[in-house]
Amino acid sequence: MSWTKDEMAQYIANLFPDYSSVNLGIGLPSLVAEKVASEKNIMIHSENGVLGVSGRPTKETVSPTLINAGKETISIKDGASFFDSSLSFGMIRGGHIDFCVLGALEVDASGNLANWMIPGKKLTGMGGAMDLVNGAKKVIIMMGHFNKKGEEKLVKNTNLPLTGMGVVSDVITDLGHFQPKNGTFHIVKLAPDVKEEDCKLP
Amino acid sequence: MKKSPKVFSSAKEAVKDIPDGATIMSGGFGLCGIPENSINAIANREIKNLTVISNNIGNSGRGLVTWLVKDMIVKAYCSYVGGNPDLEERIHDKRVTVELVPQGTFSERIRAAGLGIRAFYTPTGYGTLVAEGKEVKTFDKPCILEEALGADFAIIKAQKGDEYGNLWFKETARNFSPLMAMAAKTTIVEVEEFVGLGEIPPEDIHLPGLFVQRIYQGENYKNDIEFEKIQEGK
């Protein structure tokens, strides 16, 4: 039984200590926001210039100038703050953000991350990902264990254009929790009934 | 009382001397906080060969996309073009040359230009395509040299502003705008609320008017939302 997306998000949310700061990437990682318990007092950072992101707004409170980095409307909690993009990325690059959670195309056994470009495919740009992986204290990758073609996304050496070198500390997939270490992937935890050989680790 | 020379009567007046081939920065993240009036006024002038520095170069057919579809832009600096098919198409057929810049490096290069820093070292992009051709120096870890990025003009929007150009931004609409205001030779600001001097408390001024050369009262704001997400049942 592999983990559902919700279970992956809950597992990641449980990794954050009280009062930590977290940046969540767009797409799958944004699910983590809904799993962060309010009593943990976690400050969610969004790189477009807000610290203290809360849940979705209501029809009454929705504001076109209150959005996250995915350009979705958000609300904020008490204690939140707004700032410009340079200060926002200064928080990241300066090592003041404890965790970032990002999606990935591939992660390799040296902790190299590829998540922004497939040669020959449509170009979207790296956004803030290269800054996040070089600045956040811990980089957690949240992704499916295999791609749509059924190929492994945890590989020995990635040949895709990199987002960052040796930057990934933890990978959470539907099959478990892994850490790139010494040219291989260390298994921290497997999802219920998942066996090591199911993971096809390099 | 003498009127401040910074105050312009309209968007049309404020942008009328921008020449062909100018480099223009435009504030906003996606469509949040974009200078709608200046974008439209420049689109109506149909000037050519522009270099544009903006995080997204418009989105979803709106904002700076109005310049793209008139082929006014030849070069773009941005960090993310996903969700902007008009730009993707023009990059693909080489009508627009694009330099993709990591978003934190993008904002810092602009800030540096405004504050007299010629270049800086950052670990962002080391070991990636972004580092190609750039000087590498190792401090605690390897870093690449990134140069300041300035412009001839910046067009930005603030919620409130006064005749000196002191600005106050609403929520996450601030993003790149104050940095661009510092980095351009001529900064053109449009505001939703033109307020009297002293109405924004000095402690709450997000950008001192020193960085602003032109300011006008904007009108007919759309303030488009790209992805409206509302609590279920609310």
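Everything here concerns the structure above.
Residues numbered from 1 in each chain as written. Chains lettered and ligands numbered in written order. Predicted model: local features only at pLDDT ≥ 70, side-chain atom pairs only at ≥ 80, totals over all residues. Heavy atoms only, no water.

Draft legend 1. Broad picture of the overall build of chain B. Scanning chain B from N- to C-terminus turns up 6 helices and 11 strands. Relative to the compact-globule value of 17 Å for 234 residues, chain B shows a C-alpha radius of gyration of 18 Å, a close match. With respect to the three principal axes, the spread of C-alpha positions in chain B is 55 × 50 × 40 Å. When the 234 residues of chain B are sorted by exposure, 55% land in the buried category. In chain B, 71% of the contacts between residues at least 6 apart in sequence involve partners at least 24 apart. Roughly 10,000 Å² of accessible area belongs to chain B as shown, and the carbon and sulfur atoms make up 49% of that amount. (Helix = DSSP H or I, 4+ residues; strand = E, 2+ residues; numbered from the N terminus. Rg over C-alpha atoms; globule rule 2.2 N^0.38 Å. Buried < 20%, exposed > 50% of the residue type's maximum accessible area, 1.4 Å probe, protein only. Contact = heavy atoms within 4.5 Å. Areas by Shrake-Rupley, 256 points an atom, 1.4 Å probe, with all protein chains shown as cover.)

Draft legend 2. Focus on the overall build of chain A. When helices and strands are counted, chain A shows 3 helices and 12 strands. At 17 Å, chain A has a C-alpha radius of gyration in line with the 17 Å of a compact globule built from 202 residues. Oriented by its inertia axes, the alpha-carbon framework of chain A measures out at about 50 × 35 × 30 Å. Counting only residues that meet the buried cut, chain A has 53% of its 202 residues in that class. About 8,700 Å² of surface is accessible on chain A, with carbon and sulfur atoms providing 51% of the total. Of the side chains in chain A, 20 bear a positive and 22 a negative charge, and the two mean positions are spaced by 4 Å. (Lys, Arg positive; Asp, Glu negative; His and termini not counted. Charge placed at Lys NZ, Arg CZ, Asp CG, Glu CD.)

Draft legend 3. Structural detail: the layout of surface pockets. Residues and elements named next belong to chain B. Estimated volume of the second largest pocket: approximately 360 Å³. Contributing to the lining of the second largest pocket are 20 residues, with Glu36, Asn37, Asn40, Asn220 and Lys222 lying nearest its centre. Of the residues assigned to the lining of the second largest pocket, the class counts are 6 nonpolar, 9 polar and 5 charged. (1 Å grid on protein atoms, 1.4 Å probe; cavity = no way out; pocket = protein on both sides within 12 Å on 5 of 7 lines; lining within 4 Å. Points joined across faces, edges and corners; volume = space filled by probe spheres on them. Nonpolar A, V, L, I, M, F, W, Y, C, P; charged D, E, K, R; others polar.)

Draft legend 4. View of the interface of chain B and chain A. Contact residues are listed per partner, giving 49 residues for chain B and 45 residues for chain A. Summing both partners gives a buried area of about 4,000 Å² for chain B against chain A, and 61% of it is carried by carbon and sulfur. For chain B, the biggest contributors to the area lost against chain A are Glu171, Thr172 and Lys229 of chain B; these three give 17% of the whole. If you look at where chain B meets chain A, you find 1 salt bridge. Here the side of chain B that touches chain A gets 6 residues from one element, more than from any other, and that element is helix 5 (residues 103-114) of chain B. (Buried area = accessible area lost by both parts, 1.4 Å probe. Salt bridge = Lys/Arg side-chain N within 4 Å of Asp/Glu carboxyl O.)

Draft legend 5. The arrangement of the pairing of strand 11 (residues 176-181) of chain A in detail. Residues and elements named next belong to chain A. The buried fraction of strand 11 is high, at 5 of 6 residues. With 2 bridges joining them, strand 10 (residues 170-172) and strand 11 adopt antiparallel strand pairing. Counted as the bridge partner of Ile172 is His177 from strand 11. Here strand 10 hands over to strand 11 after 3 residues, the two strands then running antiparallel side by side. Bridge analysis of strand 11 against strand 12 (residues 184-190) gives 6 bridges, and the strand direction is antiparallel. If you follow Lys181 over to strand 12, its bridge partner there is Thr184. Counting the residues between successive antiparallel strands, the hairpin from strand 11 to strand 12 contains 2 residues, one of them, Asn182, with a positive phi of roughly 45 degrees. (Pairing = 2+ DSSP bridges.)

Draft legend 6. Broad picture of the packing of aromatic side chains. Residues and elements named next belong to chain B. Considering all chains together, one arrives at 4 aromatic pairs over all chains under this definition. With a centroid separation of 5.5 Å and an interplanar angle of 80 degrees, the aromatic rings of Phe106 and Phe176 are classed as edge-to-face. Placement of Phe106 in helix 5 and of Phe176 in the loop between strand 9 (167-168) and helix 6 (177-183) is noted, with a sequence separation of 70 residues between them. Taking the ring centre of Tyr221 as reference, the NZ or CZ of Lys157 above it sits at 4.3 Å. (Phe/Tyr/Trp six-rings, centres within 6.5 Å; stacked < 30°, edge-to-face > 60°. Lys NZ or Arg CZ within 6 Å of the ring centre and 35° of its normal.)

Draft legend 7. A look at unusual backbone geometry. Phi at Asn182 of chain A takes a positive value of approximately 45 degrees, unusual for a residue other than glycine. Turning to its location among the elements, Asn182 of chain A is positioned in the loop between strand 11 and strand 12. On the basis of relative accessibility, which here comes to 81%, the residue Asn182 of chain A falls in the exposed class. One non-glycine residue, Ile57 of chain B, lies in the positive phi region at around 50 degrees. By secondary structure assignment, the location of Ile57 of chain B is in the loop between strand 2 (50-53) and helix 3 (65-68). By relative accessible area, Ile57 of chain B is classed as buried at 0%.

Draft legend 8. Geometry of the environment of Ala183 of chain B. Residues and elements named next belong to chain B. For Ala183, the location among the structural elements is in helix 6. Of the residues examined, Ala183 reaches a relative accessible area of 9% and is grouped as buried. Non-local contacts of Ala183, meaning those with residues more than four positions away in its chain, are made with Met25, Ile110, Ala113, Gly114, Leu149, Gly150 and Ala151.

Draft legend 9. A look at the nonpolar core. Formed by 50 residues in total, the largest nonpolar core has its most connected members in Ile12, Phe16, Val32, Val107, Leu113 and Ile141 of chain A. The biggest single contributor to this core is helix 1 (residues 5-15) of chain A, with 5 residues. Sequence-distant contacts of Val32 of chain A, that is, excluding residues within four places in its chain, are made with Ala9, Ile12, Ala13, Phe16, Leu24 and Met142 of chain A. Of all hydrophobic cores here, the second largest spans 39 residues; its members include Ile39, Ala41, Ala76 and Ala131 of chain B. (Core = buried A, V, L, I, M, F, W, Y, C linked by side-chain atoms within 4.5 Å.)

Draft legend 10. View of the side chain of Thr163 of chain A. By secondary structure assignment, the location of Thr163 of chain A is in the loop between strand 9 (154-155) and strand 10. A polar contact is formed between the side chain of Thr163 of chain A and the side chain of Asn115 of chain A, at a distance of 2.7 Å. For Thr163 of chain A, the residues in contact, after removing those within four places along its chain, are Leu113, Ala114, Asn115, Trp116, Ala129, Met130, Val133 and Asn134 of chain A together with Thr128 of chain B. (Polar contact = N/O pair within 3.5 Å; in protein donor to acceptor, adjacent residues only side chain to side chain.)

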